[in-house]
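Descriptive analysis of the structure
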Amino acid sequence: MIAKRADTESVKAEYRVIGKPLPRHDAWGKVYGETKYSNDYKLPNMLYGKVLRSRYAAARLLSIDTRDAEKLPGVVSVMTAKDVQNNETVTRFGQTHAVGGFEGLYRVLADKKIRFKGEAVALVAAERRDIAEKAIDLIKVEYEPLEGVFDPVAAMQPGAYQVGEDKSNVICSYKVRKGNIEEGFAHADVIVENTYRVPMVDHAYLEPESGMAWLDDDGVITIRAATQVIEHFRGVADVLGLPHNKVRVIAPMVGGGFGGKEDITVETYLALLVWKTGRPVSLTYTREESIIAHGKRHPYIMRYKTGATKDGKLVAMEAELISDAGGYVYLSPWVLLYSTVQATGPYDIAHVRVDTHTVLTNNTFCSANRGFGGPQPCFAYESQLDELAKQLNLSPLEIRKRNYLHTGDAMATGRVLEHRVETEQTAEKVLEALGPPSKPKSPPEKIGRGVASSMTSYGRMMFLHDTSRSFVSLDLDGSVTVRCGVQDIGGGQASSLAQIAAEILGVPLSDVNVYIGDSALTPLAGTTTATRQLYMSGNATLKAARVVRDNLLKKAAEILNTSPENLDLKDREIFIQNHRKDTLGLKKTDPECNVNYGGTRKAVVAVETCVDDDSDRVVALEDVVKACAAEGMPLFNVAQFNAPTRELIDFKTGQGKVFADFTFGTQAIEVSVDEETGKVTVLKIVSCYDVGQAINPLSAEGQLEGGALYGLGYGMMENVIMEKGITLSPTLAEYLIPTAVDAPDVETIMIESGGGVGPFGAKGIGEPSCVPTAPALANAVSDALGVRIYELPITPEKILKALGKI
Amino acid sequence: MMTYSIETNVNGRPRAAEVTARDTLLDVLRDHWDVFEVKNGCEQGDCGVCTVILSGKAVNACLTLAVQANGKDVVTAKGIGSPKEPHLLQTKFVEHGAIQCGFCTPGMLTSAKVLLDQNPKANRQEIREAIAGNLCRCTGYKKIVDAIEAAAAKPES
């Protein structure tokens, strides 16, 4: 399938590096096998760490005997909760700034009640990995098994088993109230009501949780770990009772994040073992540990009731969402707030009542996962829209078009959408791209089509007062350095900053070097979460680069005897504007863009310089840099970008502004379903988003393609199956994610409205890209069969049951 | 514990190690020889990030016992090409944006290399089947298939 870019047949003239499908600067190291991930180093004298995990999901920890383990030759240290100075603490989620709101209990090692199976009980450091594994087996733990509670609805009942030491398992609840719900339903001609269920799912990044740490010469505990949040250095220091500046976290390139490396993973364990032994320690989770013992996406039970008039106008939506948080709080309150704000989708509805609850159980804890509370309600509200459309005899597109929010409209939370809203355009484009329907091949095969839209926030919640910092400097030869504490989890977080600096400073991308992910040496840029890095650190880098550019132009203006506003900067030269000729769309291609994209896209950004004598009108960047340096003019800047802020919303009504902006998009799917076997084959999938401005279209397409497949896995196969707190799918042979033979070619369409709050009008797309896929699939299957599946994943078994065949 | 002496050739360089019967090729590559471009994703043969070429065949290093590699050639992503002499597959992966986090990339490249060695004109379906054992969570596979297709010989029209 050909990737298309809407609105921009040719690349925009005003940008030289931005908007170009350039190979990412980090790609070469990755193909040559040179990129070192968290577990790709060894240090002299290094020990291997291992975690002992609870055998029970609910139990009281009676005693731990570590004597046999300590006696095993090669074991250097065994640690339990009594060795942890501040074992029970709260996570502050990588804040750069202390704020109120929610804080989740975080226990380093179990010491009272065991709250989920796989909870960490003890740590071992040994000379070899196999010795550490053996030592774990020699630790004797006495448990008193408890009854536990594994269903969030049961856990909410009075008298339910208490997962923790609190009086209730309900962590928190939110409400949204708009209009009068009874009055809304009284005006409805058609009402649909159903309960939808979505499963617990895993991030299944290919790199398991991993890291190594050592005590540096200066006494600083230095942790090199696969993380989305280097700012956990503060939480680690708090556990050890150390000043924050005595713990340093470095994030190398991360082998996939998707929210799973947002919470602390190995960092605290490594710090404890390093502090105790004084030696370097390495610790990598097994795949089974990754699946059973680290945060998952929350399963939800969602009851939705929606009313519409006979002409298809939504008048009332009532929703109750219950999320299973598992054994610890972590980010559950925040995930639930995202779900609450986005519970009614991209639709304008006069009367809304939303009630949401997140509840502790003795299941594996749940926390951040791509979409952060967005994918769950989207499955429910987009199913409801199609159910209404069917009753009203309207097309899925038509009912959506009659109800989409537009720029200037208010959401159910009262928040007015002041930035660009292009949902309707994305819906029209995906259906157009789907083309004429396919023909079924044989009698049991039915063809169906489905569509689903979503709005998903990018950037953190505004009451967090989010900030990012970036440093940009020029060296004496005109090369550029960016230092920014982003974590690169594969989305091109670092490379996009290089593109921004190259654009502003008029150099090719290859002239920019980016240092990332070091809490001691790079300016803190906040978390690589919430689809915020391009928005936040892109803006910070843009701001810093502009200051450097202004200094350069000021000096160049003196040299060229003109004023700075007459000058432009490009290809390592500063020149009087209109002097150089851009031959856009003509013959010559920029060497960096001279890439064959299978004929699907031509990035023509030809530049030719006038050939006449121009020494009085053009000066080399390097000469200006040297002139600045000679006079001590600063050739660097460190800038901070502050996101717009608001205080907390009104929790009685849910009214208020939580997010700076949203990304709007639609996906359409065509399936063939075999009625005999229940097998679903995705024939076509199209994803269209308003990306604002694609900084690098190649990376942006990659996000849309990967996001759609992530969503398709959620729709078709992924499920962490738990029975009384025990994970029955602890390997990648049981927890299935899409393979290359399962994956259809995702067709992507990008609208560039320029209406985002990121640099150059960009919006965030990392998380939004995975949100509407599963409901689009559900709607396609329902279209094919005439029966609806209300629970993900949509397996052949569920289809045959729905058809009454089993 | 009884040990065995093994000798292999990793990317053209002779290597030797004393291994136990239960050590896997993955253990030896990473722990003994610091061959870190061979990744460890599951140790159960499910994810494919440790795929190497063992005497011309793509294998999961985690499912291959170290003793089975004795006397054989092992090729990793680093052995396919280098900055000085990039392999066409490597160039096409970069150009097509077939790389995001990059953790699956060394294994993808070794699987793709074996495919194109055996079937130089592989089509998209054959490419998909050849990399079905190599999971990728980032890309959606499309750009990876595009890259391998671009590196394959064009079918005669």
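Since we're looking at a predicted model, the values are computed, not measured. The numbering scheme is per chain: residues are counted from 1 as the chain's sequence reads. Following the order in which they are written, the chains are lettered starting with A and the ligands numbered starting with 1. pLDDT decides what is reported in this predicted model: residues at 70 or higher carry local features, side-chain atom pairs at 80 or more are listed and counted, and totals for whole chains, interfaces and linings draw on all residues regardless. Note that water and hydrogens are dropped before the side-chain values are worked out from all heavy atoms of the structure.

Overview of the environment of R22 of chain B
Put simply, the rule is: Where helices and strands are cited, they refer to DSSP runs of H or I of at least four residues and of E of at least two residues respectively, numbered from the N terminus.
For R22 of chain B, the location among the structural elements is in the loop between strand 2 (13-20) and helix 1 (25-32). Sequence separation between R22 of chain B and V75 of chain B is 53 residues, and the spatial gap between their C-alpha atoms is 22 Å.

Here's the deal with the packing of helix 14 (residues 533-560) of chain A against helix 15 (residues 621-631) of chain A
Residues and elements named next belong to chain A. Note the threshold: For every element, the axis is a line fit to its C-alpha atoms; helices are fit only across the contacting stretch, and the angle between N-to-C directions ranges from 0 to 180 degrees. Our angle categories are set so that under 35 degrees counts as roughly parallel, over 145 as roughly antiparallel, 65 to 115 as roughly perpendicular, and the remainder as oblique. Pairs of residues are marked as contacts when any of their non-hydrogen atoms sit within 4.5 Å. Charged means Asp, Glu, Lys or Arg here, nonpolar means Ala, Val, Leu, Ile, Met, Phe, Trp, Tyr, Cys or Pro, and polar covers whatever is left, Gly included.
The N-to-C vectors of helix 14 and helix 15 enclose an angle of 95°; their axes lie 9 Å apart at closest approach. Relative to helix 15, the element helix 14 lies roughly perpendicular. Here N551, L552, K555, A556 and I559 of helix 14 lie close against helix 15, whose contacting residues are L621, V624, V625, A627, C628 and E631. Here the residues of the contact of helix 14 with helix 15 sort into eight nonpolar, one polar and two charged.

A word on the pairing of strand 2 of chain B
Moving residue by residue along a regular strand, the side chains alternate between the two faces of the sheet. Residue and element names in this part refer to chain B. Quick reminder of the rule: At least two bridges found by DSSP between two strands are what make those strands a pair.
Summarising the sheet, strand 1 (residues 3-10) and strand 2 pair through eight bridges and their orientation is antiparallel. Looking across to strand 2, one finds that V10 is bridged to R13. Remark: two residues form the turn of the hairpin made by strand 1 and strand 2, two consecutive strands paired antiparallel; N11 in that turn has positive phi of roughly 50°.

Notes on the confidence of the model for chain A
Residues and elements named next belong to chain A. Rules: What pLDDT reports is the predictor's confidence in each residue, on a scale of 0 through 100.
Summary statistics for chain A give a mean pLDDT of 92 and a share of 92% for residues scoring 70 or more. Note on residues 1-13: pLDDT is under 50 here. Beyond four places in sequence and across chains, it has 34 contacts. Below a pLDDT of 50 lies the segment residues 93-101, which in the model reaches 27 contacts outside its immediate sequence neighbourhood of four places, other chains included.

Topic: the domain arrangement of chain A
All names here are of chain A. Inclusion rule: As used throughout, domain bounds are those supplied by an automatic or database domain assignment. Take the accessible area each of two parts loses on contact, using a 1.4 Å probe, and add the two losses: that sum is the buried area. Each polar contact in these results corresponds to two N or O atoms within 3.5 Å; when the atoms are within protein, one needs to be able to donate a hydrogen and the other to accept it, and residues that are neighboring in sequence are counted only if both atoms are side-chain atoms.
Segmenting chain A into domains produces domain 1 (38-146 + 209-284), domain 2 (172-202 + 295-462 + 660-802) and domain 3 (467-642). The C-alpha-based centres of domain 1 and domain 2 are spaced at 36 Å. The interface is formed by 21 residues belonging to domain 1 together with 25 residues belonging to domain 2. Overall, the association of domain 1 and domain 2 removes approximately 1,900 Å² of surface from exposure, summing both partners, and the carbon and sulfur fraction of that is 60%. Applying the counting criterion to the domain 1 and domain 2 interface returns seven residue pairs in polar contact (both at pLDDT 80 or more). The element contributing the most residues to the side of domain 1 that touches domain 2 is strand 6 (residues 104-107), with four residues.

Notes on the sheet that holds strand 2 of chain B
Residues and elements named next belong to chain B. In space, the five strands of this open sheet follow the order 2-1-5-3-4, with mixed pairing throughout. Bordering the open sheet on either side are strand 2 and strand 4 (57-60), each of which pairs with just one other strand. Shown here is a sheet whose adjacent strand axes are inclined to one another by a mean of 40°, direction ignored. The sheet strands contacting helix 4 (residues 105-118) are strand 3 (51-54), strand 4 and strand 5 (73-75), and the helix crosses strand 3 at an angle near 35°.

Thoughts on helix 6 (residues 142-151) of chain B
Our working rule: With a 1.4 Å probe rolled over the protein chains alone, any residue whose accessible area is under 20% of its type maximum counts as buried; one over 50% counts as exposed, and the rest are partly exposed.
In terms of burial, helix 6 of chain B is largely enclosed, as eight of its 10 residues are buried. Inspection of helix 6 of chain B places K142, K143, I144, V145, D146, A147, I148 and A151 of chain B among the buried residues, and these make up the whole buried set. As for helix 6 of chain B, its buried residues are in contact with helix 16 (697-716) and strand 33 (746-751) of chain A together with helix 3 (88-95), helix 4 and helix 5 (124-130) of chain B.

So, the interface of chain B and chain A
Selection criterion: Criterion for a salt bridge: a side-chain nitrogen of Lys or Arg within 4 Å of a carboxyl oxygen of Asp or Glu.
Across the boundary between the two partners, chain B contributes 50 residues, which contact 58 residues of chain A. Approximately 4,500 Å² of surface area, both sides summed, lies buried where chain B meets chain A, with 57% of it carried by carbon and sulfur atoms. Scanning the region where chain B abuts chain A turns up 10 salt bridges. Linking R30 of chain B and D40 of chain A is a salt bridge whose minimum nitrogen-to-oxygen distance equals 2.9 Å. At the boundary of chain B and chain A, one finds 27 residue pairs in polar contact (both at pLDDT 80 or more). At the level of elements, helix 1, helix 2 (77-80), helix 3, helix 4, helix 5 and helix 6 of chain B are the ones that each hand at least two residues to the side of chain B that touches chain A.

Let's talk about the domain arrangement of chain B
Residue and element names in this part refer to chain B. Along its sequence, chain B is carved into domain 1 (3-79) and domain 2 (80-153). Taken over C-alpha atoms, the centre of domain 1 sits 20 Å from the centre of domain 2. Contact with domain 1, which involves 18 residues of that partner, is made by 16 residues of domain 2. Scanning the region where domain 1 abuts domain 2 turns up zero salt bridges. Connecting domain 1 to domain 2 are seven residue pairs in polar contact (both at pLDDT 80 or more). Of the residues contributing to the side of domain 1 that touches domain 2, the split by class is seven nonpolar, six polar and five charged.

Focus: the confidence of the model for chain B
On average, residues of chain B carry a pLDDT of 97, and 99% of them reach 70 or more. Two summary scores accompany this predicted model of the complex, namely pTM at 0.94 and ipTM at 0.98.

Considerations on the packing of aromatic side chains
All names here are of chain A. Under the convention used in this document: Side-chain rings of Phe, Tyr and Trp, where Trp is taken by its six-membered ring, are said to pair if the distance between their centres is within 6.5 Å; with planes under 30 degrees apart they count as stacked, over 60 as edge-to-face, and otherwise as tilted. Here, over-ring charges are defined by two tests on the NZ atom of lysine or the CZ atom of arginine: distance to the ring centre within 6 Å, and angle to the ring normal within 35 degrees.
Applying the stated rule across the entire model yields 20 aromatic pairs over all chains. Ring centres of F116 and Y328 lie 6.2 Å apart, and the angle between their planes is 85°; this geometry places the pair in the edge-to-face category. Pair noted here: F116 is in the loop between strand 7 (113-114) and strand 8 (120-126) and Y328 is in the loop between strand 17 (314-326) and helix 9 (332-341), with a separation of 212 residues, a long-range link. Each ring, one from F116 and one from F365, has its centre 5.6 Å from the other, and the planes form 70°; the classification is edge-to-face. Of this pair, F116 sits in the loop between strand 7 and strand 8 while F365 sits in the loop between strand 18 (351-360) and helix 10 (375-392), and the two are 249 residues apart along the sequence. On the basis of relative accessible area, F116 is assigned to the buried category, the value being 4%. Here the aromatic cluster, defined as three or more aromatic residues joined through ring pairs, consists of Y338, F372, F659, F662 and F664. Here the guanidinium or amino end of R53 rests over the ring plane of Y285, the centre of that ring lying 4.8 Å away.

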